[in-house]
Amino acid sequence: MSDVPVTDGAVAAERPMPPVGLTESEEEELKHELLKVEEEISTLRQVLSAKERHASEIKQKLGLTTLNELKQNLTKGWQDVQKSTAYVKTTDKLGEWNDKVTQSELYKKTQETLSQAGQKTSAALTSVGSAISKTLGGMRNSTTFKSFEDTVENLKVKVIGGKETESGELHSPGETENTPSQDKAPF
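Everything numeric here is computed off the predicted structure, so don't read it as measured data.

Undergrad: Tell me what's going on with the overall build of the protein chain, and back it up with residues and numbers.
TA: When its secondary structure is counted, the protein chain shows five helices and four strands. When its helices and strands are written in sequence order, the protein chain yields β-β-α-α-α-α-α-β-β. Split into buried and exposed, the 187 residues of the protein chain put 3% on the buried side. At a minimum sequence separation of 6, the contacts of the protein chain that also span at least 24 residues come to 14%. When the accessible surface of the protein chain is summed, it comes to about 16,800 Å², and 59% of that surface belongs to carbon and sulfur atoms.

Undergrad: I'd like a description of a nonpolar patch on the surface, backed by residues and values.
TA: Judged by side-chain polarity, W78, V81, Y87 and V88 come together as a nonpolar surface patch covering roughly 340 Å² of accessible area. Of all elements in the fold, only α2 (66-83) and α3 (85-103) reach the threshold of two or more residues within the nonpolar patch. Relative to the elements of secondary structure, V81 occurs in helix α2.

Undergrad: Can you tell me about the packing of aromatic side chains, naming the residues and giving the values?
TA: Summed over all chains, the structure comprises one aromatic pair. Relative to Y87, the ring of W78 lies with its centre 5.7 Å away and its plane at 80°, an arrangement referred to as edge-to-face. Assessed through its relative accessible area of 46%, W78 is described here as partly exposed. Residue Y87 is classed as partly exposed on the basis of its relative accessible area, which comes to 30%.

Undergrad: Explain the confidence of the model for the protein chain to me, and be specific about the residues and the numbers.
TA: Per-chain confidence: the protein chain averages 81 in pLDDT, with 76% of residues scoring 70 or above. Confidence scores differ between elements of the protein chain, with strand β2 (residues 10-11) showing the lowest mean pLDDT of 50 and helix α1 (residues 24-62) the highest of 94.

Undergrad: How would you sum up the packing of α2 against α3? Please name residues and give values.
TA: α3 packs onto α2 with a crossing angle of 65° between their chain directions and a minimal axis gap of 5 Å. Seen from α2, the contacting residues are W78, V81, Q82 and K83; seen from α3, they are T85, Y87 and V88. A per-class count over the contact of α2 with α3 returns four nonpolar, two polar and one charged.

Undergrad: An account of the pattern of salt bridges is needed here, citing residue identities and associated values.
TA: If you walk through the whole model with that rule in mind, you get four salt bridges. For K31, the salt bridge identified is with E27, shortest N-O distance 3.5 Å. Of this pair, K31 and E27 are both found in helix α1, four residues apart, which corresponds to roughly one turn of the helix. The exposure class of K31 is partly exposed, given its relative accessible area of 42%. E69 is the salt-bridge partner of K59, the closest N and O atoms lying 3.1 Å from each other. Pair noted here: K59 is in helix α1 and E69 is in helix α2, with a separation of ten residues, a long-range link.

Undergrad: Account for the packing of α3 against helix α4 (residues 105-140), naming residues and giving values.
TA: Relative orientation of the contacting elements α3 and α4 amounts to 65°, with a least axis distance of 5 Å. The segment α3 lies against α4, with V101, T102 and Q103 engaging E105, Y107 and K108. Of the residues that constitute the contact of α3 with α4, the class distribution is two nonpolar, two polar and two charged.

Reading the values: rules and limits
Residues numbered from 1 in each chain as written. Predicted model: local features only at pLDDT ≥ 70, side-chain atom pairs only at ≥ 80, totals over all residues. Heavy atoms only, no water. Helix = DSSP H or I, 4+ residues; strand = E, 2+ residues; numbered from the N terminus. Buried < 20%, exposed > 50% of the residue type's maximum accessible area, 1.4 Å probe, protein only. Contact = heavy atoms within 4.5 Å. Areas by Shrake-Rupley, 256 points an atom, 1.4 Å probe, with all protein chains shown as cover. Patch = residues over 30% accessible without salt bridge, like charges linked within 9 Å, V, L, I, M, F, W, Y side chains within 5 Å. Salt bridge = Lys/Arg side-chain N within 4 Å of Asp/Glu carboxyl O. Phe/Tyr/Trp six-rings, centres within 6.5 Å; stacked < 30°, edge-to-face > 60°. pLDDT = per-residue confidence, 0-100. Axes fitted to C-alpha atoms, helices over the stretch in contact; angles between N-to-C directions. Nonpolar A, V, L, I, M, F, W, Y, C, P; charged D, E, K, R; others polar.

See the structure below:
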């Protein structure tokens, strides 16, 4: 048999076979070169990391933030899109369609109808607002509202307390003669 040990029916090799066409010295030379290249890659990664850190520090000193860079990138990207052939063609086609639609009779009739509806709605809302104001004004002068107002005023005097002045007006305890009274406030 051979000098190669057999384990579980499989042949175990002490070291991998050199690639076809390479001698052992060529293989050793390539392995040595691979180690050097991997070391250089590692060194370059470290240098790149240091350079990125330095660039970040400079940007920070200049007040350039990631957000500003993102804005600039988005702006440039949008400008590139606007200059693209597809965007220009699409914009032109949409412009043509817009012109055709806005010149059609159906569009003009719809626009006129909506304009009239808007004017009528505005007038109706103005009328409703005026009617509500008049109604609330009339309620303020009604005997029921006056009675309610007197009840609230009496409750205020009982809870907070107050003193009557020479003119018969009630003032809150913290209020002086020179302080304007809130008792005549509309609400």
